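Descriptive analysis of the structure
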Amino acid sequence: MGSLFRSEEMTLCQMFLQSEAAYACVSELGELGLIQFRDLNPDVNAFQRKFVNEVRRCDEMERKLRYLEKEIKKDAILMHDTGESPEAPQPREMIDLEATFEKLENELREVNQNAEALKRNFLELTELKHILRKTQVFFDEDDLSMTQTINYAQMAGPSREDEQVTLLGEEGLRAGGQALKLGFVAGVILRERIPAFERMLWRACRGNVFLRQAEIESHLEDPVNGDRVFKSVFIIFFQGDQLKTRVKKICEGFRATLYPCPEAPADRREMAMGVMTRIEDLNTVLGQTQDHRHRVLVAAAKNVKNWFIKVRKIKAIYHTLNLFNLDVTQKCLIAECWVPVMDIETIQLALRRGTERSGSSVPTILNRMDSTEDPPTYNRTNKFTGAFQNLIDAYGVASYREVNPAPYTIITFPFLFAVMFGDIGHGLIMFLFAAWMVLREKPYLAKKSTNEIWNIFFAGRYIILLMGIFSVYTGFIYNDFFSKSLNLFGSSWKVHFNESTYLNNKNIQLHPYYNYDGTPYGFGLDPVWQLAENKIVFTNAFKMKISIIFGVLHMLFGVGLSLWNHAYFKKQISIYCEFIPQVIFLSFLFLYLAFLMILKWMLYGPVPDDDAANFPSSPACAPPILIMFINMILFKDSEPLLNCVSPFMYFGQNGIQRLLVLVAVACIPWMLLGKPISIMKEQKQEHQLLANNHANAAGENGDAGVNPQVAVTPVASKHEEHDIGEIFIHQGIHTIEYVLGSVSHTASYLRLWALSLAHAQLSEVLWHMVLRNGLIYESWYGGIVLWMIFALWAVLTVAILVLMEGLSAFLHTLRLHWVEFQSKFYMGQGYAFTPFSFEVILETAAASTDD
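These lines cover the structure that appears in this document, whether it is placed above or below. Predicted model only: the values in this text are computed from it and were never measured. (Residues numbered from 1 in each chain as written. Predicted model: local features only at pLDDT ≥ 70, side-chain atom pairs only at ≥ 80, totals over all residues. Heavy atoms only, no water.)

1. Focus: the overall build of the protein chain
Looking only at helices and strands, one finds 26 helices and 15 strands in the protein chain. Computed over the C-alpha atoms, the radius of gyration of the protein chain is 44 Å, more than 25% above the 29 Å expected from 2.2 N^0.38 for a compact globule of 851 residues. By principal-axis analysis of the C-alpha atoms, the protein chain measures approximately 135 × 115 × 55 Å. In the protein chain, which comprises 851 residues, the proportion classed as buried is 43%. In the protein chain, of all internal contacts separated by at least 6 residues, the share reaching a separation of at least 24 is 80%. Summed over all atoms, the accessible surface of the protein chain reaches about 46,800 Å², with 59% contributed by carbon and sulfur. Taken together, the 79 basic and 92 acidic charged side chains of the protein chain have centroids lying 3 Å from each other. (Helix = DSSP H or I, 4+ residues; strand = E, 2+ residues; numbered from the N terminus. Rg over C-alpha atoms; globule rule 2.2 N^0.38 Å. Buried < 20%, exposed > 50% of the residue type's maximum accessible area, 1.4 Å probe, protein only. Contact = heavy atoms within 4.5 Å. Areas by Shrake-Rupley, 256 points an atom, 1.4 Å probe, with all protein chains shown as cover. Lys, Arg positive; Asp, Glu negative; His and termini not counted. Charge placed at Lys NZ, Arg CZ, Asp CG, Glu CD.)

Take a look at the structure:
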């Protein structure tokens, strides 16, 4: 059977590769992506394997490429990406790649270091320029206005606080009629450190300094990281070397930069002119340096993507070669791998191509091996089936060669979702969104977005597409379009009352016998139910019953798939002692319940009021299905309804129902004891056969004069030895789970009814409480009000009914498949086939880089 319905048949192979051809062969296999290699050196440290040096060289090349990529992104240069995947380079090309990367890295580091040094010099000159400007302002400020009287106690101590100290612009300090020469330092400090800097100076120097500061209006650039910084210029006046030393230490602690500032105005002007000249020269050199750096990065950006692919392929090849064993001659590599049986010829062709590329004269040998180990599970998928397969694998990877639920889930999943989400309008929104993603999938696949929520929606675009299509279909069944009904085929209900009847009766009931023309509405529910007061009662009963019917059919289909599994694995005991009683139990109870619902729909119809008692098919005589089913389980006689002849729907129903219950109950010990007893009998027969073989072999050896104590090879058993106690416990758990699960799982399908009802009612609430209010205005401003209310209604519809309700229905559908459906046949105890594939390796590396 093809891989669509069951995982691929796998085989364990042994591969013999010549050392000179191993690299090229593994490269071809990586492009193919159909082989899962086993590690033949599990006890060998990663740093002690044969190709560890090559892996380290690849790591170093990858580091250099990441450095190049970082610098390219820093300059916002677009990296060229053709979308193609170049082949893995030959081992001799590694030297050329290493030399290229080394040259680029050294050149870039040298350019960056030079640029950083130039920027640091430029920053120093810029800060010095601002210092010369600001200090000139400090000194040139009106001398008499700058001259200020301060308490001499701040400079000379409290014992002389009556003397006055006068600060004169550039002449020092005059105290007691004598001029005292003041020293000063000037520098630049970060603007946010000024308050703390000022407080520290005051406390450390006990107020014996005078600080002036001014902000630098424009921002400066940090030469290391290019960040914008804001600084202030300061000048500190003091007297004496002791204060000078203290002030410099405080400046150093606050990481303030001090610059030489001449005392004479002429010297300051001359220095400022020299600084401006040097700044202009530095600007020219910086521009040339940046142009050179940009040219280097633009040239590298054209090849970085391809270089990454080549290096990662080389690294993946050597990682894979480290899984192989060397033979005694050190000239041949031995590998073991899992291979799909259908692809053996394709793999052999790839090995032949690799051998020819390497120039080796000895072909690579691929031999199949026998193995008792469980092979990996490999299900072939495409972009359409892959999303559904991921849903199944999220529950558990299928055991090897067991039935794959994914093909059936493609239909049942969107259908059960649509039963809960049935609305033409909401389904159409979902369908259009998914169709847009499908039509635009190529550019979005190439773009590789890092938005996790978008990636989830985009990965499930085909699931959403089918859910939208099925929701539109069930929307037509429910005749529900944004909580309104469509009258496409004309209602089958006719009104025969005259005008006076309309005027004199507020509520008029339409009798189905007189007002229904006997021809059902063309497709789905008749739109007249939109106006009926008993609409919810009718749709409630309708949706609840079809939920049970769909649930029973879905579970029976799951049990049927278990037969396919048992037949494939040749488990005759499981067929007779599990499948058959399970089908009988589920059918005789719950399928019979679904049969009663359908039978009730068929047997009972409208009858005339004046002769209803003479019609056994009157709706008044229709027995309640739930009460009938409970009485059937309890072996209790049902009583006929008022004015009805019989409580049953067909002749002999009571006896048939009791027989069905007895047979269903008898299936419980059948499931519980049948398989363990059969296994016990088979093991007993095998032990007896083994003993007879021993006795016969011993007799033959004794007759031939051979020592009878010589060991005789035992006959292989058809079945594994099992502990009988464990078999009974396991089977008991399985039986209890199935019997109780049949009840709980059937009830679980009522979520189809509950969510469908909730979705319809929420849609109706939004119509009555929001959108309808915009339709009551008739004047010119009614259009504006309607536009605003429609916008609110549209947002609430998409946010609540499409997104939130859609997510809720999706999760409930997922549960129905994982628990109610797959538990009937799906083990999910395998492990996934993870082939050596360059495509997967590159996608994983790209995703980790984006993160």
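2. Points about the side chain of S748
Inspection of the secondary structure puts S748 in helix α23 (residues 724–748). Within the local environment of S748, its side chain forms a polar contact with the side chain of E820, the two groups lying 2.9 Å apart. For S748, the contacting residues outside a window of four places in its chain are R815, L816 and E820. (Polar contact = N/O pair within 3.5 Å; in protein donor to acceptor, adjacent residues only side chain to side chain.)

3. Side note on the pairing of strand β14 (residues 332–340)
Most of β14 sits inside the fold, with nine of its nine residues counted as buried. Of the two faces of β14, the one lined by C332, I334, E336, W338 and P340 and the one lined by L333, A335, C337 and V339 are each fully buried. Relative to β14, strand β1 (residues 10–18) runs antiparallel, the two being bridged by nine bridges. Paired with L17 across the bridge in β14 is L333. With two bridges joining them, strand β2 (residues 36–37) and β14 adopt antiparallel strand pairing. Its bridge partner being in β14, Q36 is matched across the sheet by W338. By the bridge criterion, two bridges tie strand β13 (residues 325–326) to β14 in an arrangement that is antiparallel. Bridge pairing in β14 places N325 opposite I334. (Pairing = 2+ DSSP bridges.)

4. Things to note about the packing of aromatic side chains
Within the structure shown, the criterion is met by 47 aromatic pairs. When the ring of Y777 is compared with that of Y781, the centres are 6.1 Å apart and the planes differ by 55°; the resulting orientation is tilted. The structure contains a cluster of three or more aromatic residues connected by ring pairs, namely F5, Y395, Y408, F557, W564, W818, F821, F825 and Y826. Above the ring of F51, the side-chain terminus of K50 is found at 5.6 Å from the ring centroid. The ring of Y67 has R109 sitting right over it, with the charged end atom 4.2 Å from the ring centre. (Phe/Tyr/Trp six-rings, centres within 6.5 Å; stacked < 30°, edge-to-face > 60°. Lys NZ or Arg CZ within 6 Å of the ring centre and 35° of its normal.)

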